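Listed here are the chains, written in short residue letters.
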Amino acid sequence: MQNDQPPATPLVAPTWVALLLSLAIVVAYFGFMLLVALAKPSLGMMIAPGISLGLILAAAVLLLCIVASFVFVVMENRKAG
Amino acid sequence: MSNAGLEPLNTTTIIVFGLFMALTLLITLWAMRRTRTKEDFFAAGRSVTAGQNGLALAGDFMGAATLLGVVGLVSLRGFDGLIYAVGGLVGWPILVMLIADPMRRLGHFTLADVVSSHLKQRPIRLAIGITTLVLVPCYLIAQLIGAGGLIRLIFGLNDDVAIVTVAAIMVVYVFFGGMIATTWVQIVKAVMLLIAGACLFVLVIARYGFNPIGAFQAASARYGDAVLAPGAMISSPWEGLSLAMGLMFGLIGLPHVVMRFFTVPDARAARNSVFYATIWIGLFLLATFVLGYGTLAIVGREAVAKADPSGNMATLILASEIGGSLMLGFVGAVTFATILALVAGLTLSAGTSVAHDLWNGVIHRGNASESGQIAVARITVLALCVVAVTLAITLRQQNVIFLTGLTFAIAASANFPALVLALFWRGLTTAGAVSSILFGAVATLVLIYGSPSIQTDVLKSPEDVWFPLRNPGLVSIPASFLVAIVVSWCQRAWENAQSPNAIPNAVDDAKYG
């Protein structure tokens, strides 16, 4: 823990990749929640035996999170070296 | 509550259980020998790799709430339980993409370090110390309830006794091992939890020709297609948004998650470790889809509710049903050990916060002795146990993932706004941060108290509800941001009025003033 404060370090701005992917996740997740609240019958629509639209969307949000993280980390690591 | 659906207390279960507890204690003893300095105690000597830290992060997160609570909620309410499963992952990519690097550059041990890095240390450390002391018992309560129910199921002990036993064992961990024990213990537990989840997953889908969809089909065959559609849990868009905000942003406001960043050597490793954690948690959560519906199909809603109306024991009943006492002992031990490790990590985070932020930073202005700090950390751990155990006994009937969601709402309101503003807004002042943090914590608690969650579910007096949402995030999070911004502006305006010629500077002269 330093006792001498160096000059204020520049605040780091997120990269455009980070902002874009974050926005995608926020939109997907909040969109999903709004569908759950407002479009229950649609989400209950059966796509195949045992699979509802809601189930697919729920899994899709999870997968989006994983993929987005992967893309981001690969790109950032390539940059930083 | 009966042990309906389970074989009576038997030796195999207890032996398997005992083996795991022995293993855990061995690791703690190993860590004991490695703990020397405060640095070792608090941050694992910075010797952990990204892959290891990722596993530890995942292990930290996937506690009772995930395995027991989500599966339990799905087995009782169908699709509605999945909402918590989805919500459990969404904070992580935001964490890695927007928060990890900036935070890494600024701080050393704790959330307070990061928030106060450009501001006055003492008030912020005090504020965050207080909210940590609120958050940790809340989180602990869910874990203790899960562990208590588990012990009751396997050993036939009284719920309350089980809860107290868990707390006592956990205190031993923290006292003797510190962060190294909890980091390595978390890693071992994460691996075991993933293995247990995988075993359950395989055993469930084996019943349906190794087709995961079979679980969903069987559930809808038994209870109708309605279980695959949203139910009554999210009763309005406000309720939905509120829960969503709490779950997504709460993760970022959790002190023990923040602390794990500082156990890896550099920013790249911190980034990678969050990514690894995301994968593990994501896969685990996807598995809970199958486990939850599998329980619905194989065990049935009635049996789950009969064993425990909150659904917390669903996973264990499933284990017993598809794998007998061996699976029950294994899954029970793994779950119990995971909860133990998580609880240890949480109380350590709180102990660290109190010792580092309050005792060292605020009271002794950076000059507290190391042994003094460690002693304070230990006393804090004890005190937190007592509070958490008392509340856990009161809230025993609640589903643990639901309780965790409320805890997340507190973190999202108290710590998240200040953290985000500290990282990205030069205009944040000390007063703004402190008022936001304290307001966030208090407002969330007050709103929860006035909501159906407490008034209807716990106190059984629905006529006393004055806040309509079960989750307060929609109101408390923006309000907390607003408080930070308004108070910061006011402080700046006041400072400018005092000395109009002074150059506005985010760095205060007296770092400990």
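Thresholds, definitions, all that
- Residues numbered from 1 in each chain as written.
- Chains lettered and ligands numbered in written order.
- Predicted model: local features only at pLDDT ≥ 70, side-chain atom pairs only at ≥ 80, totals over all residues.
- Heavy atoms only, no water.
- Contact = heavy atoms within 4.5 Å.
- Buried area = accessible area lost by both parts, 1.4 Å probe.
- Salt bridge = Lys/Arg side-chain N within 4 Å of Asp/Glu carboxyl O.
- Polar contact = N/O pair within 3.5 Å; in protein donor to acceptor, adjacent residues only side chain to side chain.
- Helix = DSSP H or I, 4+ residues; strand = E, 2+ residues; numbered from the N terminus.
- Nonpolar A, V, L, I, M, F, W, Y, C, P; charged D, E, K, R; others polar.
- Phe/Tyr/Trp six-rings, centres within 6.5 Å; stacked < 30°, edge-to-face > 60°.
- Buried < 20%, exposed > 50% of the residue type's maximum accessible area, 1.4 Å probe, protein only.
- Lys NZ or Arg CZ within 6 Å of the ring centre and 35° of its normal.
- Expected span 1.5 Å × (residues − 1).
- Bend = angle between axes of the 7 residues up to and from the residue.
- Core = buried A, V, L, I, M, F, W, Y, C linked by side-chain atoms within 4.5 Å.

1. Side note on the interface of chain A and chain B
Taken residue by residue, the interface counts 49 residues in chain A and 64 residues in chain B. A combined buried area of about 4,800 Å² lies between chain A and chain B, and 75% of that area is made up of carbon and sulfur atoms. At the boundary of chain A with chain B, the tally comes to zero salt bridges. At the surface where chain A touches chain B, the tally comes to six residue pairs in polar contact (both at pLDDT 80 or more). Going through the elements one at a time, helix H1 (16-38), helix H2 (40-43), strand S2 (51-52) and helix H3 (53-80) of chain A are the ones with two or more residues in the side of chain A that touches chain B. Ranked by the residues each element gives to the side of chain A that touches chain B, the list is headed by H3(A), at 16 residues. Considered class by class, the residues forming the side of chain A that touches chain B number 35 nonpolar, twelve polar and two charged.

2. What about the packing of aromatic side chains?
Tallied over the entire structure, the rule returns eight aromatic pairs over all chains. Between A:Phe32 and B:Phe79, the ring centres sit 6.3 Å apart and the planes meet at 55 degrees, which makes this aromatic pair tilted. A residue pair is termed interchain when its members come from two chains, as with A:Phe32 in helix H1 and B:Phe79 in helix H5 (residues 79-87). No difference in accessibility class separates A:Phe32 from B:Phe79, as the two residues are buried. Positioned above the aromatic ring of B:Tyr223 is the side chain of B:Arg301, whose terminal nitrogen or guanidinium carbon lies 4.5 Å from the ring centre.

3. Describing helix H6 (residues 91-106) of chain B
Each α-helix turn comprises 3.6 residues. Residues three or four places apart therefore point the same way. Residues and elements named next belong to chain B. The first and last C-alpha atoms of H6 sit 21 Å apart over 16 residues, in line with the 22 Å expected at 1.5 Å per residue. Taking the largest bend as the criterion, H6 deviates by roughly 55 degrees, centred on Ile99, and proline Pro102 comes between one and four positions later. Among the 16 residues that make up H6, 15 are buried, leaving the element largely enclosed by the rest of the structure.

4. Focus on the nonpolar core
Among soluble globular proteins, nonpolar side chains are generally buried collectively. Judged by nonpolar contacts, the single largest core of 182 residues is most densely connected at A:Tyr29, B:Trp92, B:Phe289 and B:Tyr293. Broken down by element, this core gets its largest block of residues, 20 residues, from helix H15 (residues 314-363) of chain B. If sequence neighbours within four positions are ignored, B:Trp92 has contacts with B:Leu57, B:Phe61, B:Leu251, B:Val257, B:Val274, B:Ala277, B:Thr278 and B:Ile281. Core analysis: the second largest hydrophobic core is formed by five residues, B:Val354, B:Leu358, B:Val376 and B:Ala377 among them.

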